[in-house]
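One-letter residues, chain by chain:
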Amino acid sequence: MELLERITIEPGKCGGRPCIRGKRIRVTDVLELLAYGASREEILEDYDFLEDDDITAALLYAARQNDHLVLKVAS
């Protein structure tokens, strides 16, 4: 499975926000856990349905979402 295939978006689930493998845990939830200092091991222990590649996929998804061209209008 490609990493980004682990990220799913379903209109009726979590407000249509990106989730991990159709589960009710959003990419944002995983990112916030990491940002607040949780280790991969802690996340995997607390959310036993997650896999290590799910965390990597969340990070990759966030990186790709943030990597876009920004156009500035000259004044």
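Since the model is a prediction, treat every value here as computed from it, not as a measurement.

Enquirer: Hey, could you go over the packing of aromatic side chains for me, with residue numbers and the actual values?
Expert: Per the stated rule, a full pass over the model turns up 1 aromatic pair. Ring geometry for tyrosine 47 and phenylalanine 49: centres 6.2 Å apart, planes at 85°, overall edge-to-face. Classification of tyrosine 47 as partly exposed rests on a relative accessible area of 29%. By relative accessible area, phenylalanine 49 is classed as partly exposed at 35%.

Enquirer: How would you summarise a negative patch on the surface if you had to cite specific residues and measurements?
Expert: On the surface, Glu41, Glu42, Glu45 and Asp46 cluster together into a patch of negative charge. Structurally, glutamate 41 is set in helix α2 (residues 40–46).

Enquirer: If you had to explain the environment of glutamate 10 to someone new, which residues and values would you point to?
Expert: Mapped onto the secondary structure, glutamate 10 falls in the loop between β1 (7–8) and β2 (19–20). Once the C-alpha coordinates of glutamate 10 and valine 70 are considered, the two residues, 60 residues apart in sequence, prove to be 28 Å apart. Not counting chain neighbours up to four residues away, the residues in contact with glutamate 10 comprise Gly16 and Gly22.

About the cut-offs
Residues numbered from 1 in each chain as written. Predicted model: local features only at pLDDT ≥ 70, side-chain atom pairs only at ≥ 80, totals over all residues. Heavy atoms only, no water. Phe/Tyr/Trp six-rings, centres within 6.5 Å; stacked < 30°, edge-to-face > 60°. Buried < 20%, exposed > 50% of the residue type's maximum accessible area, 1.4 Å probe, protein only. Patch = residues over 30% accessible without salt bridge, like charges linked within 9 Å, V, L, I, M, F, W, Y side chains within 5 Å. Areas by Shrake-Rupley, 256 points an atom, 1.4 Å probe, with all protein chains shown as cover. Salt bridge = Lys/Arg side-chain N within 4 Å of Asp/Glu carboxyl O. Lys, Arg positive; Asp, Glu negative; His and termini not counted. Charge placed at Lys NZ, Arg CZ, Asp CG, Glu CD. Helix = DSSP H or I, 4+ residues; strand = E, 2+ residues; numbered from the N terminus. Contact = heavy atoms within 4.5 Å.

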